[in-house]
Amino acid sequence: MRNNKLLITFLLIITMLLAACTESTNVDGNSSSSPDSSSGANSQGPLVIGFEADATTLLANHDVNYTTDTLIRNIYDPLIDRDSQTAEFVPVLAEEWKNIDEKTWYLKLKEGIKFHNGADFNANAVKFSIDYILDESNGSFYRSRWANVEEVVVLSDYEVEIHTSVPFPSLIQRIAEDLLIIEPGYVEEVGIEKASSKPVGTGAYTFVEWSRDNHLKLKAFEDYWQGKPEIEEVEFRIIPEFSARMSAFMSGEIYLFKNIPVDSVKQFESNEVKQISSSRINYLALSNLVDGPLKDVKVRQAINHAINANELLETVLSGYGSRITGPLSQLNADYAETKEYDYDPDLAVKLIEEAGYSPEELTLTLDTPSGRYPMDSHIAQAIASQLQSIGINVEVRVNEWGQHLEKIQKRETGDMYILGWGPAFDAQSTIENLFTLEAPYSSFYQENIEKKIKETNQSFDQEARYAGYAELQQQLVEQAAWVPLWQQADLYAVKSSLNFSPRVDEKMNVFEMSWN
């Protein structure tokens, strides 16, 4: 019942057209220059989507990264997906699933589905795709999330069992959010390196061309099992900067992009802007995995008191977003209310002194991407300014998106970094992946918390799981593992010639789009 209420909330939040925002500061030009509103766009040509960053690989099940996942989900299909509006599980390549016991899951697969190269989709492809994650030599960043999977047993051409070493009640979430199906014969024939740049899946679009950091071109798969896509050709054009994406939209080069600069909404026609409340959260990680003063909880608590997140939300983001005080958004089924750190610079100084420092002795580094999240580098500069106001020296380092992720994975960031996480609909997807020692994007570890995470994850008792995650949320706030910032509001620019509805999980599945 509780989950149903949250799902209803999704429906109530969904897309609305926006009017004006604030004065523009970023981009020259106006929407009257758009070919859509003047001479009419070529609605039958390639759909060009402006995208903030490139994929790190085109091989499925390797990189835990929204940009990679969004692009390749047009090439590969999952076994199970979530409904675009309600977030309920829906079958894709899997027909049905159930747990036989606490350590065994059964899946029946759809029949008659082909990969782009003509090979049959079957149970061996499922086993191969999961085994790729589990094989340590492949270096998949998903491996820590699947560590409890012991083996995949092929029962028949279209039936598999997944055996786990411990109770794994959230395996279906993992399958829906992580797993895409690879063609085993193709990978074995060409090798992983080639398959990583020229992918083959069962998805709605086939690979055409990839120019790293420039574009990814795809064309409709004529034999797609759900029917041929309405849009014939699509190009994801990589445009990292907000202002450059906006200029490309205004000049008619692209039809769609995400993350409109909030101070420039007024420059768009009202019917060109769509908003949705994402289940993604943005936060400032206070890493205790790198050496430095942030290993001391009092310093982390002091930084929470020294940053005025409400002011940042109102001034830098013009109110586009919803404040969070803990590690989960209110759209998450396991959300529990947590206490907010009051903005109190005097208390911040007192806590730093109790930790044995003076603010002026502290020099911290803050890593941020630029253009990945709404106003991300602007937020980083504003945070630095707030910390400097109590005497802390802050060096802001702006990273290209791929470099930013690599630094986090290798624990090579500075003391703090900006990151978003999600879309996440259950606590395990966030808490296990961001607060355990081996998780690639973790910034915080504490032995007793990791033990509690593992205990909670294994419980099939829904009430016990909710209580466990609620306790963990309180502990993580008390330990000041992050400065929680906000639940992201996504602003999309969409040409009127394109039929596109934003999803709460931020996926851009071109199969769901059409020309008007």
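Rules used throughout
- Residue numbers here run from 1 along each chain, matching the order of that chain's written sequence.
- Reporting of local features is limited, given that this is a predicted model, to residues whose pLDDT is at least 70; pairs of side-chain atoms are given and counted only at 80 or more, and all residues count toward the totals for whole chains, interfaces and linings.
- The basis for the side-chain values is all heavy atoms of the structure; hydrogens and waters are excluded.
- Only protein chains enter the area calculation, which uses a 1.4 Å probe; residues under 20% of their type maximum are buried, those over 50% are exposed, and those in between are partly exposed.
- Strands are runs of DSSP state E lasting at least 2 residues, helices are runs of H or I lasting at least 4, and numbering of each runs from the N terminus.
- For two strands to count as paired, DSSP must find a minimum of two bridges between them.
- Aromatic rings from Phe, Tyr and Trp, taking only the six-membered ring of Trp, are treated as a pair when their centres fall within 6.5 Å; an angle between ring planes under 30 degrees marks them as stacked, one over 60 as edge-to-face, and anything in between as tilted.
- Either the NZ atom of lysine or the CZ atom of arginine qualifies as a charge over a ring when it sits within 6 Å of the ring centre and within 35 degrees of the ring normal.
- The axes are straight lines fitted to the C-alpha atoms, using for helices just the contacting stretch, and the angles between their N-to-C directions are given from 0 to 180°.
- Convention used here: angles under 35 degrees read as roughly parallel, angles over 145 as roughly antiparallel, angles from 65 to 115 as roughly perpendicular, and any remaining angle as oblique.
- Here a crossing is called left-handed whenever its near helix is offset anticlockwise from the far helix by less than a right angle, and right-handed whenever the offset is clockwise.
- In this description, contact between two residues means that some pair of their heavy atoms is separated by no more than 4.5 Å.
- In this classification, Asp, Glu, Lys and Arg are treated as charged, Ala, Val, Leu, Ile, Met, Phe, Trp, Tyr, Cys and Pro as nonpolar, and every other residue, Gly included, as polar.

A. Focus on the pairing of strand 6 (residues 104-109). Summarising burial for strand 6: five of the six residues are buried, a large majority. In terms of strand pairing, strand 5 (residues 94-101) meets strand 6 through six bridges, oriented antiparallel. Following the sheet pairing, N99 is matched in strand 6 by W105. Across five bridges, strand 6 lies against strand 8 (residues 159-164) in antiparallel orientation. Its bridge partner being in strand 8, Y106 is matched across the sheet by E161.

B. Geometry of the packing of aromatic side chains. Per the stated rule, a full pass over the model turns up 14 aromatic pairs. Aromatic side chains Y373 and W401 sit 5.7 Å apart centroid to centroid with 90 degrees between the ring planes, which places their arrangement in the edge-to-face category. A residue pair is termed long-range when its members are at least 10 positions apart, and Y373 in the loop between strand 15 (363-369) and helix 11 (376-388) and W401 in helix 12 (residues 401-409) qualify at 28 residues. A residue is classified by how much of its surface remains accessible, and Y373, at 2% relative accessible area, is buried. With 5.0 Å between their ring centres and 35 degrees between their planes, F435 and W482 make a pair best called tilted. Highlighted residues: F435 in the loop between helix 13 (427-434) and helix 14 (447-457) and W482 in strand 18 (residues 482-494), separated in sequence by 47 residues. What makes F435 buried here is its relative accessible area of 1%. Here the aromatic residues Y283, F435, F444 and W482 are joined through ring pairs into a cluster of three or more. The cationic tip of K98 hangs over the ring face of Y106; the distance from NZ or CZ to the ring centre is 5.5 Å.

C. Fine view of the packing of helix 13 against helix 15 (residues 462-478). As a packed pair, helix 13 and helix 15 sit with axes 11 Å apart at the nearest point and diverge in direction by 45 degrees. Between helix 13 and helix 15, the interaxial angle falls into the category oblique. As for the relative orientation of helix 13 and helix 15, their crossing is left-handed in sense. From helix 13, A427, Q428 and I431 reach across to helix 15, where they touch R465, Y469, L472, Q473 and L476. Considered class by class, the residues forming the contact of helix 13 with helix 15 number five nonpolar, two polar and one charged.

D. Structural detail: unusual backbone geometry. Although it is not a glycine, N61 adopts a positive phi angle of roughly 65 degrees. Considering the arrangement of structural elements, one finds N61 in the loop between strand 2 (47-51) and helix 2 (66-72). A relative accessible area of 2% means that N61 is categorised as buried. For A480, which is not glycine, the phi torsion reads 50 degrees and is therefore positive. Here A480 lies in the loop between helix 15 and strand 18. Residue classification places A480 among the buried residues on the basis of a relative accessible area of 1%.

E. Just the pairing of strand 17 (residues 416-421), in detail. Across the six residues that make up strand 17, a large majority, six, are buried. On strand 17, burial covers both faces: M416, I418 and G420 on one face and Y417, L419 and W421 on the other are all buried. Where strand 13 (residues 273-286) and strand 17 come together, six bridges link them in antiparallel fashion. Across the sheet, the residue bridging to I281 is W421, located in strand 17. Where strand 15 and strand 17 come together, two bridges link them in parallel fashion. Bridged to L366 within strand 17 is M416.

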